[in-house]
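Observations on the model geometry
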Amino acid sequence: MAPRSFWKGYLKLSLVTCPVAMTPATSESSKVRFHTLNRATGHRVVSHYVDGVTGKPVDEDDEVKGYERGEHEYVMLEDEELDAVALESTRTIDIEMFVPRESIEWIWYDTPHYLTPNDPVGEEAFSVIREAMAATGTVGISRLVLYRRERAVILEPRDRGIVLWTLRYGDEVRDQGDYFAGIKPEKPEPEMVALISKLIDQKTVPWDAGMLGDPVQAELLKLIAAKKKGKRPPKAKAPAARPTNVVNIMDALRRSIADDEKRPKGR
């Protein structure tokens, strides 16, 4: 059963409009989560807000958002005031322009969402926009208010639906030159590149989502299952030995290729 949509509004391109619904494309519902307990009683620990100066508990009705304008000075903002700032992009995804799909680097991509038609009458308009983007190899650019902030978003055709990606703000992506500038520009020897290319070829396998399994999550579930049965938890594994510095890269590459040839591909 598909999860419920968390946003409903309209997809708009010029004079063409259709109702749509949006659902997060990723989920962390299967992630192992822990509660904080009182070791003495086994009861859950609850948290509450206290005044940072008086130390007294703060009633929920007295909690308010504040913007710090100076040391210990805040501008208080009520929920009604924040809601009043709502923009047109709160409920309308108005496609402003299109760009080639490959022109947006992956580093700008933030969070994916599935966008689907929310009314049978609007399915035709939705399908036309989706198929036109797929045929032209483009993605739509728009803006949308999500999580109380207006975000730049792209709309990418995918199968029978559209994936809406929120994009990072310009000041969120750091300049790579600040980090890569100190790396020496010299190119490695062609023979070394050839050996690495051979190693890459030996290790190249078809993509499979199963490659993204979380071994730590699996070990946590084993630990929890053992504790449920009253068994002793397994002993912690000894940390892996730190790799030694490679003195001769060519020899190391040749040994790597020889060792990899003995293993079944994909392991």
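Residues numbered from 1 in each chain as written. Predicted model: local features only at pLDDT ≥ 70, side-chain atom pairs only at ≥ 80, totals over all residues. Heavy atoms only, no water.

Considering unusual backbone geometry
One non-glycine residue with positive phi stands out, namely H72, at about 65 degrees. Here H72 is to be found in the loop between β3 (65–70) and β4 (73–77). Phi at D159 is positive, roughly 55 degrees, even though this residue is not glycine. Its location among the elements puts D159 in the loop between β9 (149–158) and β10 (161–167). Looking at D159, the relative accessible area reads 68%, which means it is exposed. (Helix = DSSP H or I, 4+ residues; strand = E, 2+ residues; numbered from the N terminus. Buried < 20%, exposed > 50% of the residue type's maximum accessible area, 1.4 Å probe, protein only.)

What about the side chain of H113?
If you trace the backbone, H113 turns up in strand β7 (residues 109–117). Side-chain polar atoms of H113 contact the backbone oxygen of T111, separated by 3.3 Å. Once residues within four sequence positions are removed from consideration, H113 is found in contact with F6, M22, T23, P24, A25, L146, Y147, I162, V163, L164 and T166. (Polar contact = N/O pair within 3.5 Å; in protein donor to acceptor, adjacent residues only side chain to side chain. Contact = heavy atoms within 4.5 Å.)

A few points about the pairing of β3
Side chains on a regular strand alternate between the two faces of the sheet. Pairing between β3 and β4: five bridges, direction antiparallel. The residue of β4 that forms the bridge with Y67 is V75. In this structure, the hairpin formed by β3 and β4 is closed by a connection of two residues, where H72 is found at a positive phi of approximately 65 degrees. (Pairing = 2+ DSSP bridges.)

Some details on the side chain of S142
The topology assignment puts S142 in strand β8 (residues 138–146). Assessed through its relative accessible area of 1%, S142 is described here as buried. Looking at S142, its side chain comes within polar contact range of the main-chain oxygen of D94, at 2.7 Å. Look past the residues within four positions of S142 in its chain and what remains in contact with it is I93, D94, I95, E96, R151, A152, V153 and L155.

Quick word on helix α2 (residues 123–136)
With 14 residues, α2 extends 20 Å between its outermost C-alpha atoms, agreeing within 8% with the 20 Å of an ideal straight helix rising 1.5 Å per residue. Looking only at α2, the buried set comprises A125, F126, I129, R130 and M133. Projected down its long axis, α2 carries its buried residues within an arc of 130 degrees, all on one side. Turned more than 90 degrees away from the buried face of α2 sit E124, V128 and A135, all of them exposed. Phi turns positive one or two residues past the end of α2, at G137, with a value near 65 degrees. (Expected span 1.5 Å × (residues − 1). Arc of directions from axis to C-beta.)

Side note on the nonpolar core
One recurring pattern in soluble globular proteins is that nonpolar side chains are buried together. L11, V20, I93, L115, L144 and L155 are the most contacted members of the largest nonpolar core, which totals 18 residues. At the level of secondary structure, the elements contributing two or more residues to this core comprise β1 (7–13), β2 (16–24), α2, β8, β9 and β10. In terms of residue count, the dominant contributor to this core is α2 (four residues). When neighbours within four sequence positions are excluded, L155 is seen to be in contact with L11, I93, I95, L115, M133, V139, G140, S142, I162, V163 and L164. (Core = buried A, V, L, I, M, F, W, Y, C linked by side-chain atoms within 4.5 Å.)

Considerations on the pattern of salt bridges
Evaluation of the coordinates by the stated rule reveals seven salt bridges. The residue D110 makes a salt bridge to R168 at a minimum N-O spacing of 3.6 Å. Pair noted here: D110 is in strand β7 and R168 is in the loop between β10 and α3 (177–180), with a separation of 58 residues, a long-range link. The structure contains a network of salt bridges with shared partners spanning D110, R151 and R168. (Salt bridge = Lys/Arg side-chain N within 4 Å of Asp/Glu carboxyl O.)

Digging into the pairing of β2
In terms of strand pairing, β1 meets β2 through seven bridges, oriented antiparallel. Along β2, the bridge assignment pairs Y10 with P19. Where β1 folds back onto β2 in an antiparallel hairpin, the turn is made up of two residues, including S14, whose phi is positive at roughly 60 degrees.

So, the confidence of the model for the chain
With 89% of its residues at a pLDDT of 70 or more, the chain shows a mean pLDDT of 84. Averaged pLDDT values over the elements of the chain bottom out at 74 in helix α1 (residues 79–83) and peak at 96 in β10. (pLDDT = per-residue confidence, 0-100.)

Side note on the packing of helix α4 (residues 190–203) against helix α6 (residues 249–262)
The N-to-C vectors of α4 and α6 enclose an angle of 20 degrees; their axes lie 10 Å apart at closest approach. Judged by the inter-axis angle, α4 sits roughly parallel to α6. Here the hand of the crossing between α4 and α6 comes out left-handed. On the side of α4, the interface is formed by E191, M192, L195, I196, K198, L199, Q202 and K203, while α6 contributes I249, M250, L253, R254, S256, I257, D260 and E261. Of the residues belonging to the contact of α4 with α6, the class tally is eight nonpolar, two polar and six charged. (Axes fitted to C-alpha atoms, helices over the stretch in contact; angles between N-to-C directions. Parallel < 35°, antiparallel > 145°, perpendicular 65-115°, else oblique. Left-handed = near helix turned anticlockwise from the far one by under 90°. Nonpolar A, V, L, I, M, F, W, Y, C, P; charged D, E, K, R; others polar.)

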